[in-house]
Structure formats: C-alpha cells, structure tokens
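Results of the structural survey
Below are the chains, spelled out letter by letter.
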Amino acid sequence: MNGSYMYILIAVFLILLLLLSKLFNRKIMLGIWSITVFHSNTIISKQPNGKKIKDPTLQASDVSDVPAEFVADPFIISDESKFYMFFEILDKSTGKGIIGLATSIDGENWAYDRAVLRENFHLSYPYVFKFNEDFYMIPESCEANKVLLYKAKNFPYEWEIACELIQGKYVDSSIFQYNNKWWMLAGKSGKLHLFYSNKLEGDWLEHPKSPLISNNVSITRPGGRVIVDRGNIYRYTQDGKPSYGSAVRVFKITRLSEFEYEEVELNVVLRGTKREIDWNKDGMHTIDQLKIAENRWLIAVDGHKLANKNYFLWKIDRVFAKNFARIKSFSGTMDDV
C-alpha cells in the first residue's frame, strides 16, 4: 500500500475516533420531575413546612404501562370517597406527554393505575373538574394549536373531546367559576391572557384588558388550579427565572368583572431546595388544592432535579423504548386476531 494512502487512512480513522469520542462524551441535562401529596389546614399562601414535601409520592418508576421519563402537573379530584390524581407522563417511546392516573382512599397512600388519555400531540397539565355531575378536563394541547375541553365518557378512564374552547398556542389554561360566569387564564409567549363565557361550552370572549401581563416569564404562565374560596380568588403562576420550572407564586385577584381586572402578589409558595439530595432540588412548577372539609385541604405539587446524563445512552434508551412499544402494539394486534 502506498505510504500516502496509509497516512490518509490513519487520518480518517483518527477523525472518526474523535467524532465517536465526542458522541459518547456528549451530555444532556434532563429535568426529572416527581409529585408529592400532603394535607393542609389552609390553602397554600406561603411556603409549606419542608417536612411535608420531603419525599415524592409518585415517580416515573411507579408507572408500569408506559416507559416514563418523568411525571408532573398533578391535579386531584374526588368521587364516592375516593381520590383520583391525573398528571402528565412523559412517554419515552414518543417523546410526548400523555395523561396518567393514580388513586387513593386516604389521600396519603397513592397507587399508580394506568395511562388514560393520549393523542398524536403532546398533552400535559390535566386540569380536571366537575360540573353538573359530569367530569371534565382541559389538558394543555398547545401543540394542537387549540384549547380543548374533554368530557369523561366513563370516569376516570375514558375521555372524549366535548368541544374546542379557543384557538391558539395557549399553555396551561386554568378555568374557574365566579359571579355566575366562567373564566379562563392562559399563558402564551410570555403573556397572561384572560377569557370569559356565560356557558362552559359556549362562546368564549377575550377580556378587554387581556393580555393582562406581557413580557414576564416570572408571573404569566399558570401554575395550578385557580382557587375560589369564601369570595377570594387566588391564581398560581410559574416562575420561569432563572430557568424553567424554578418556583410557584400566588396572586390574589382583588377585582374581576367583564371590564375590570386587578390583583396583588402575595408570596413565592414553592421553590427548589438547592440541596443535592432532594428530589425537588432545582425547582417546582405546579400546585393543585382540593378542599375536602372545612379547614382541610389536599395538596398536590411537583418538583424536579436536574440530571446530567450521557446523550448517547439517553438516545439509545429512547430508541429502545420506541421499538419496544411497537413490538408490544404488534403483539396486542396479533392477540386480537
């Protein structure tokens, strides 16, 4: 072999070795989200005792029917003396969020049940509520460019689209009733929008003062159920600084009508602990609160810890999960034949 060819081959080999080395050493930072649930005598208007959120109640490892990367965005509802928690599961086989379900008898001990809602677009933030004896859910469907209202066909397992509420890439739409009207707060591109309607499935109008806030990622993206209690209205918002999912703030809405909107900030109620051993070290971004008796609330929150993982191994894990899901789906199809 000619000496010049030998040098070329060696150079190509070294370049390939360098590229492979970079690939194998490439890192990816992942937010690993988990959920915890606790009781409180009041709604959360200041940071809760750290002991109440010391350990997660539900983690990705609890999900048994989906290859889950994390669980987040918890929302709780009760029916016939049983508690149901809906939440986002990040499905590694698709890279998209789907909606999962866990159940509890006492609100303290939770068992994962199954995935209950999936679409060909990303779903998260399953804002579940009851109206006129029917159960509804408004999951975030920003990827579909619309806010969709789902109705339970067979609660809690089967859901179908009841109607489209509004169009647009709105995130974490949060609905509530006040003064015989329906109201909905929704985030979009660093802005906080407000809509209202006389009927749940009626025509929704944007408030004349909407967007209420612009160009502020610290207070414009909803971060949990809007609480209306004893005539007071509290909205919770994600704080996106210094990074996504850092904290949750609470505002008290002091004036709300078809023409007016005023609010005052109260506190930061959730934030990361900054302690390396904690599951919520790097931030928290969703809170839900269910009143179960006078001076008795059930609180669900999420939090995350950043993990610096090998990109190559993470990618292989995603590919494996995707192919395993295909094999499982094909096997299920064959069993039906």
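Below or above, wherever it landed, is the structure these notes cover.

Definitions and cut-offs
- Residues numbered from 1 in each chain as written.
- Predicted model: local features only at pLDDT ≥ 70, side-chain atom pairs only at ≥ 80, totals over all residues.
- Heavy atoms only, no water.
- Phe/Tyr/Trp six-rings, centres within 6.5 Å; stacked < 30°, edge-to-face > 60°.
- Helix = DSSP H or I, 4+ residues; strand = E, 2+ residues; numbered from the N terminus.
- Buried < 20%, exposed > 50% of the residue type's maximum accessible area, 1.4 Å probe, protein only.
- Lys NZ or Arg CZ within 6 Å of the ring centre and 35° of its normal.
- Pairing = 2+ DSSP bridges.
- Axes fitted to C-alpha atoms, helices over the stretch in contact; angles between N-to-C directions.
- Salt bridge = Lys/Arg side-chain N within 4 Å of Asp/Glu carboxyl O.
- Core = buried A, V, L, I, M, F, W, Y, C linked by side-chain atoms within 4.5 Å.

**Some remarks on the packing of aromatic side chains**
For the structure on display, the rule yields 15 aromatic pairs. Look at phenylalanine 75 and tyrosine 127: their rings are 5.2 Å apart centre to centre, the planes differ by 40°, and that puts the pair in the tilted class. Residue phenylalanine 75 is found in strand E2 (residues 68-79), and its partner tyrosine 127 is found in strand E6 (residues 124-131); the two are separated by 52 residues along the sequence. Given the relative accessible area of 0%, phenylalanine 75 is considered buried. With 3.8 Å between their ring centres and 15° between their planes, phenylalanine 135 and phenylalanine 155 make a pair best called stacked. Here the residue phenylalanine 135 occupies a position in strand E7 (residues 134-140), and phenylalanine 155 occupies one in the loop between strand E8 (146-154) and strand E9 (158-167), the gap between them amounting to 20 residues. Judged by its relative accessible area of 8%, phenylalanine 135 falls in the buried class. Within the aromatic cluster, the residues linked to one another by ring pairs are Tyr84, Phe86, Phe135, Phe155 and Trp159. Arginine 114 extends its terminal NZ or CZ atom over the ring of tyrosine 157, reaching a point 3.8 Å from the ring centre. Sitting over the face of the ring of tyrosine 127, arginine 225 holds its NZ or CZ atom 5.1 Å from the ring centroid.

**Quick notes on the sheet that holds strand E20 (residues 296-310)**
Taken in spatial order, the 3 strands line up as E1-E20-E19 in an open sheet, and their pairing is antiparallel. Across the chains shown, the open sheet's two edge strands, defined by having one partner strand only, are strand E1 (27-40) and strand E19 (287-293). Here the strands of the sheet are splayed against their neighbours by 20° on average, with no regard to which way each runs. Direction of pairing for E1 relative to E20: antiparallel, over a ladder of 14 bridges. Each bridged residue has a counterpart across the sheet, and for glycine 31 the counterpart in E20 is leucine 306.

**With respect to the pattern of salt bridges**
Two side chains that carry opposite charge are able to pair once their charged atoms sit near each other. Scanning the model with the defined rule gives 21 salt bridges in all. Where glutamate 143 meets lysine 96, a salt bridge forms, and the shortest distance between an N and an O atom there is 2.7 Å. Of this pair, glutamate 143 sits in the loop between E7 and E8 while lysine 96 sits in strand E4 (residues 96-104); the two residues are 47 residues apart in sequence, bridging distant segments of the chain. Taking relative accessible area as the criterion, glutamate 143 reaches 42% and is therefore assigned partly exposed. By relative accessible area, which is 25% here, lysine 96 ends up partly exposed. Overlapping salt bridges, with partners in common, bring together Asp229, Arg230, Lys291 and Glu294 in one network.

**Description of the nonpolar core**
Ranked by internal contacts, the top residues of the largest apolar core, which has 52 residues, are Phe86, Phe129 and Trp159. Among the nonpolar cores identified, the runner-up in size contains 21 residues, and Ala60, Phe83, Phe87 and Leu298 belong to it.

**Brief notes about the sheet that holds E2**
Taken together, the 4 strands give an open sheet; going across it, the order is E2-E3-E4-E5, and neighbouring strands pair in antiparallel fashion. Edge positions in the open sheet fall to E2 and strand E5 (110-117), since each of these has one partner strand only. Between one strand axis and the next, the sheet turns through 30° on average, direction left out of account. Where E2 meets strand E3 (residues 82-91), 9 bridges bridge the pair, whose relative direction is antiparallel. Following the sheet pairing, phenylalanine 70 is matched in E3 by leucine 90.

By themselves these figures say nothing about function.
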